[in-house]
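Here is what each chain is made of, one letter per residue.
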Amino acid sequence: MAVLGLGYAGFGSDALEDWRQFGTGLIGLQAVERGNSLLAFRMDDRKQRIVIDRAMSEGSRFFGWEVADAASLDELAARLEQAGVEVIAEPQTLADARRVRGLISFRDPGGNRLEAFYGAEIDTAPFSPGRSISGFRTGPLGLGHAVLTVENIDPMMAFYVDVLGFGLSDYIEKPFRAYFFHVNARHHSLALIETGKNGMHHLMVELFSLDDVGQSYDVALTQQDASASRSAVTPTIS
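Residues numbered from 1 in each chain as written. Predicted model: local features only at pLDDT ≥ 70, side-chain atom pairs only at ≥ 80, totals over all residues. Heavy atoms only, no water.

(A) View of the nonpolar core. By size, the foremost hydrophobic cluster in this structure holds 52 residues, and its most contacted members are L80 and Y160. If we ignore the near neighbours within four places in the chain, the residues touching Y160 are D108, L114, L148, G165, F166, L190 and L192. Ranked by size, the runner-up nonpolar core spans 13 residues in total, among them A40, V51, F62 and L103. (Core = buried A, V, L, I, M, F, W, Y, C linked by side-chain atoms within 4.5 Å. Buried < 20%, exposed > 50% of the residue type's maximum accessible area, 1.4 Å probe, protein only. Contact = heavy atoms within 4.5 Å.)

(B) Seen up close, the sheet that holds strand β8 (residues 113–118). Pairing is mixed in the open sheet, where 8 strands are placed in the order β2-β3-β4-β1-β5-β8-β7-β6. Since the sheet does not close on itself, it has two edges, and those belong to β2 (30–33) and β6 (88–89), each with one partner. Pairing of strand β3 (residues 38–42) with strand β4 (residues 50–53) involves 4 bridges; the strand directions are antiparallel. Along β4, the bridge assignment pairs L38 with D53. Most of the contacts of helix α2 (residues 70–82) go to strand β7 (residues 102–107), to which it runs at about 20 degrees, and overall it touches β7 and β8. (Pairing = 2+ DSSP bridges. Helix = DSSP H or I, 4+ residues; strand = E, 2+ residues; numbered from the N terminus. Axes fitted to C-alpha atoms, helices over the stretch in contact; angles between N-to-C directions.)

(C) Quick peek at the pattern of salt bridges. Evaluation of the coordinates by the stated rule reveals 13 salt bridges. E206 serves as the salt-bridge partner of R137, at 3.0 Å between the closest nitrogen and oxygen. Remark: E206 occurs in strand β13 (residues 199–206) and R137 occurs in the loop between β8 and β9 (145–150); sequence separation between them is 69 residues. In this structure R137 comes out as partly exposed when scored by relative accessible area, which is 30%. One salt bridge in this structure joins E206 and R186, with 2.7 Å as the shortest N-O distance. Highlighted residues: E206 in strand β13 and R186 in the loop between β11 (178–182) and β12 (190–194), separated in sequence by 20 residues. R186 carries the same exposure label as E206, and that label is buried. (Salt bridge = Lys/Arg side-chain N within 4 Å of Asp/Glu carboxyl O.)

Structural data, given as structure tokens:
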């Protein structure tokens, strides 16, 4: 039933063109057309990793956590239901939109929409970055990591560790509480910062080269009027 990694993430916004310029020109993602209301980005051989959806409200989000196969997905659903968590077996139409074979959805104690899936679709065409970069470190490490702000860490930590099986990598207690959780060899695929409010802090994607990060920074300096919402996706390198 083990969660393998953060497979994809999605955000609600009607500023699709702004996101396109940000994702391709600054980060180096590959934009993929998905109709008038949705913009997807590739960062490796998978058909999509990040989705911007105009039909979702501004600031809303979802996170797709990957499991190995259908049996693992069923086992996870049963474990969630045993813990009193409502689980929705999503229709094939949504699985197709997520470019996976099957998925379920549920919410953590902070109200974040989580999806668990298996069978991510692989694109036959090679990844084509939006600008010249060496590429992103994904594979068995997943998309990267997500950092959430939370009202209270304790129930969230119990959910992710005891129910979903995440491992605690590290934590700090001062000047604020922040806990970091792993599901694979990446130091953390999820972090929680106790701020008294539930929200999104950032999404990290890892580039292979420090030069690529520096070039992203140079591009960002020329785009200082970029909206704060788009800056929630932060390129970095370990």
